[in-house]
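Read off the chains here:
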Amino acid sequence: MGEPCAVIGIGQTAYRSRRRDVSIPGLLREAARRALDDAHLTWADIDAVVIGKAPDLFEGVVMPEAMLADALGATGKPITRVHTAGSVGGSTAIAAAGLVHGGVHDRVLAVAWEKQSESDATWALTVDSPFTTSLVVGAGGYFAPHVRAYVHRSGAPGHIGALVAVKDRRNALRNPYAHLRIPGITRAMVESTPMLWEPIRYLETCPSSDGACAMVLASEHAARRAPSRPAWVHGTAMRSEPLAFPGRDAVSPRAGADCAADVYRQAGITDPRADLDCAEVYVPFSWYEPMWLENLGFCGAGDGWRLTESGATAPDGDIPWNPSGGVLSANPIGASGMIRFAEAALQVRGRAGGHQVDGARRALGHAYGGGAQFFAMWIVGDTKP
Amino acid sequence: MRRQVAVVAFAQTRHTAGDGGLQEAEMLAPVIAEVRERTGLRRFGFTCSGSCDYLAGAPFSFVSALDAVGAWPPISESHVEMDAAWALHEAWVRLQHGDVDTALVYGFGKPSQADPRAVFAQQLDPYHLAPLGIDPVSLAALQARAYLERSGATEDDLRAVVARSRASGRGNPFALHLPDPGDTGYDVAPLRACDVAPVTDGAAAIVLAAGDTARGLCGRPAWIAGIDHRSEAHAPGVRDLTRSDAARLAGARAGASGIEVAELHTRFSHEEPILREALGLGGGVEVNPSGGPLSANPEMATGLIRIGEAASRVHDGTAGRTLGHAASGPCLQQNLVCVLAGGGHG
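Rules used in this analysis
Residues numbered from 1 in each chain as written. Chains lettered and ligands numbered in written order. Predicted model: local features only at pLDDT ≥ 70, side-chain atom pairs only at ≥ 80, totals over all residues. Heavy atoms only, no water. Helix = DSSP H or I, 4+ residues; strand = E, 2+ residues; numbered from the N terminus. Rg over C-alpha atoms; globule rule 2.2 N^0.38 Å. Buried < 20%, exposed > 50% of the residue type's maximum accessible area, 1.4 Å probe, protein only. Areas by Shrake-Rupley, 256 points an atom, 1.4 Å probe, with all protein chains shown as cover. Lys, Arg positive; Asp, Glu negative; His and termini not counted. Charge placed at Lys NZ, Arg CZ, Asp CG, Glu CD. Phe/Tyr/Trp six-rings, centres within 6.5 Å; stacked < 30°, edge-to-face > 60°. Expected span 1.5 Å × (residues − 1). Bend = angle between axes of the 7 residues up to and from the residue. Contact = heavy atoms within 4.5 Å. Buried area = accessible area lost by both parts, 1.4 Å probe. Salt bridge = Lys/Arg side-chain N within 4 Å of Asp/Glu carboxyl O. Polar contact = N/O pair within 3.5 Å; in protein donor to acceptor, adjacent residues only side chain to side chain. Nonpolar A, V, L, I, M, F, W, Y, C, P; charged D, E, K, R; others polar. Core = buried A, V, L, I, M, F, W, Y, C linked by side-chain atoms within 4.5 Å. Pairing = 2+ DSSP bridges.

So what exactly am I meant to see when it comes to the overall build of chain B here?
On a plain count of helices and strands, chain B comes out with eleven helices and twelve strands. For 346 residues, the compact-globule estimate of 2.2 N^0.38 gives 20 Å, and chain B sits close to it at 19 Å. Along the first, second and third principal axes, the C-alpha atoms of chain B reach 50 × 45 × 40 Å. Buried positions account for 65% of the 346 residues belonging to chain B. Surface summary for chain B: the accessible area is close to 11,200 Å², and the carbon and sulfur share equals 51%. Put simply, chain B has 29 plus and 39 minus side-chain charges, and the middle of one group is 5 Å from the middle of the other.

Next up, the structure:
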């Protein structure tokens, strides 16, 4: 694992359909500035910048770290751009934490974002390599068959997805940054919305958001001087597997299970449901909650939907999932993974405001991407490991 | 105290000036097979790659390349949307944690199927610069003009850089074999077509290993004595284009002194004297003996190849201390310097 690393500053923008008041650099600067303020630091205190976003085709800017260097105070400093599809926000946090774990820098600024109002993500996700034919439209078209396979395999009743959609949207009402705010949302309301990709209904999908998330990661020495309680990184892991080959289990990918096993081992976790106090997990379509509950080892195979139905993942359950409202409530794609990591850190710092899980001491941040083949996870805690 | 990490294997494709009929993954598979064979390693503690979706014209172009790695069982892996030299930096950082001993780094680019000038014009600030329709060659020409005026160098001096690079490239089986520069017209004055690195397809892979693992895998490991990268401001109007502050800073922090051979990521001939000055490379330093990017420029692998070529000179014992350099962004905005050294640094 190397040198200890802690989160000492977190900044988020409001997530909205359109942030017409800011440019792309302005959006990132807003999040970065808030993270610096949280850590009581200035731009000059930062040793290196690591940024992440989803494909360049979204906003049409090639390798945008070049044009963002000025806005992020990177002149004279190292700046690196990470891109690992939907898991990129998590991978960006891990690459930034790596610079501290490796003893290379003391204070690293990690920023991830998407400005979907200046992009066309569905178009960009539908364009395929000229060598292959794609019949997929957008991410939902790709993932719906995996969900159908899960429902078939587990015997889950049809309403489970709606339960997750309602839970996460209710959580979002307590998070001032969340994009989708639907007061009085009910299961009947979700079930009355159009079917987009069987069995995924409109309100079971994530929105398209503009937004950015930033964190300041610090060495032990720098964390000791931070003004408020840091979140210590207890483990980080990334795993990737090929997109397709006979025998790959797209419903419960081995890369996800291996990644979880690695990060649990580092953090000394043997029973994630009992040992963790809450989890921020990448659930862009409601059905991914029961699927990831199983993949991440919170229950046995086929039992994920039972856990959801029992209320265990609700804010007053024994293992709250996505108390922030999750990806279902705000989805600036490139930032979504980092938001999961940052929200996990907010929880163990006791700074999650209205959606704080009482007494949260250890939390999981999780991101996935590509065809459910790239995974990034970390576990943060309120004590130095 | 840094953990000692070395380049223990390097492989590259025989780069082509045009579409060779291979997909990216097909270009990549043989070089990954080659570094595996050379090291005997099937699995690596960490894998990191560099590429650019826009060159492939499709999002997630790195995903199909992952198939060339054979990521099963699942691997610990990441990707930078930058030249793979930055992937090597991320892998070097990862090896500093102390819990893994080997890393695979690869990069690939197939610009022949795209229009690199149009693609990299989209790298500019989308609000202020890109709408001007300025392309990377035009920006480089501004820099070249400013450099010639400041230094008193002439277009003939640039032509000499090209002639030397191309002559060296003809001795490199992996580079394009280009003729001596003739009396062609300007591309964008003062740059002629020969002053601009050729459109090239290719891929490269490097294996890094730490400490005793490196010694076990390679007779003469090329130890990373220092590595650093720095950026400058993006807007060309706010920096002195005739100098490379970022290269100077990265070179100083990487400990670039006593260099015998330097492989520089020169996408334009005028960048060589600017980088020589920034890195303090005197006349005695051999620059781009491989022919450099002016003889073969497989985008996104070009910088990694510079590190690989610099390491090769340590591997074969013809140099004791070498330098690999990578650049990114318009007008040498970002620079990475990797200093490699032979025995005594392990």
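Help me out: how do you make sense of unusual backbone geometry in this one?
For residues besides glycine, phi is generally negative; the peptide bonds are generally trans as well. Put simply, A:E198 and A:P199 share a cis peptide bond, and its omega is 0°. Tracing the chain through its elements places A:P199 in the loop between strand 5 (195–197) and strand 6 (200–201). Backbone geometry places A:A85, a non-glycine residue, at a positive phi of 60°. Its location among the elements puts A:A85 in the loop between strand 3 (79–82) and helix 3 (88–101). Residue B:L332 is not a glycine yet carries a positive backbone phi of 55°. Along the chain, B:L332 falls in the loop between strand 11 (321–328) and strand 12 (334–341).

How should the packing of aromatic side chains be read in this particular structure?
All names here are of chain A. Scanning the entire structure with this criterion turns up 18 aromatic pairs over all chains. Ring centres of F143 and F285 lie 6.2 Å apart, and the angle between their planes is 45°; on these two criteria the pair is classed as tilted. Of this pair, F143 sits in helix 5 (residues 138–154) while F285 sits in the loop between strand 9 (278–280) and helix 11 (288–295); the two residues are 142 residues apart in sequence, bridging distant segments of the chain. Comparing F143 with F285, the two get one shared label, buried. Both rings, one in Y288 and one in Y368, keep their centres 5.3 Å apart while their planes meet at 25°; by these two values the pair is stacked. Placement of the pair is Y288 in helix 11 and Y368 in strand 10 (residues 362–369), with a sequence separation of 80 residues. Assigned by exposure class, Y288 and Y368 land together as buried.

Sorry if this is basic, but what is going on with helix 5 of chain A here?
In an α-helix, one full turn covers 3.6 residues, which means residues spaced three or four apart are oriented alike. Residue and element names in this part refer to chain A. Taking 1.5 Å per residue as the helical rise, helix 5 with its 17 residues ought to reach 24 Å, and the 25 Å between its terminal C-alpha atoms agrees with that figure. At A144, helix 5 is deflected by roughly 30°, the largest bend along its length, and proline P145 occurs up to four residues later in sequence. At the exit of helix 5 stands G155, carrying a positive phi of roughly 75°.

When you look at the interface of chain A and chain B in this model, what are you seeing that I'm missing?
Where the parts come together, the accessible area they lose is often given as the size of the interface. Listed per partner, the contact involves 58 residues of chain A and 60 residues of chain B. Between chain A and chain B, a total of about 4,700 Å² is buried, with carbon and sulfur atoms accounting for 63% of that surface. The interface formed by chain A and chain B holds zero salt bridges in total. Joining chain A to chain B, the criterion identifies 18 residue pairs in polar contact (both at pLDDT 80 or more). Secondary-structure elements contributing two or more residues to the side of chain A that touches chain B are helix 1 (24–38), helix 2 (65–68), strand 3, helix 3, helix 4 (121–126), strand 8 (231–240) and helix 9 (254–267) of chain A. A per-element tally of the side of chain A that touches chain B places helix 3 of chain A first, with five residues. Here the side of chain A that touches chain B is built from residues that sort into 30 nonpolar, 17 polar and eleven charged.

Explain the nonpolar core here, please?
A general tendency of soluble globular proteins is for nonpolar side chains to be buried together. In terms of nonpolar packing, the biggest core is built from 139 residues, with A:F298 and B:L208 touching the most fellow members. Judged by nonpolar contacts, the second largest core, of 34 residues, contains A:L28, A:W43, A:V111 and A:A218.

Before we go on, may I ask you to explain the environment of B:V7 in this structure?
When you line up the elements, B:V7 lands in strand 1 (residues 5–12). Aside from chain neighbours lying at most four places away, what touches B:V7 is B:I206, B:V207, B:L208, B:P221, B:A222, B:I307, B:A311, B:H315 and B:L340.

I tried to follow the pairing of strand 8 of chain A on my own but got confused; where do I start?
Looking along a regular strand, one sees the side chains alternate between the two faces of the sheet. Residue and element names in this part refer to chain A. Counting buried positions along strand 8 gives ten out of ten residues, so the element sits mostly inside the fold. Relative to strand 8, strand 1 (residues 5–12) runs antiparallel, the two sharing two bridges. Within strand 8, the residue paired with A6 across the bridge is W232. Judged from the eight bridges that link them, strand 8 and strand 11 (residues 374–381) form a sheet pairing that is antiparallel. Following the sheet pairing, W232 is matched in strand 11 by G381.

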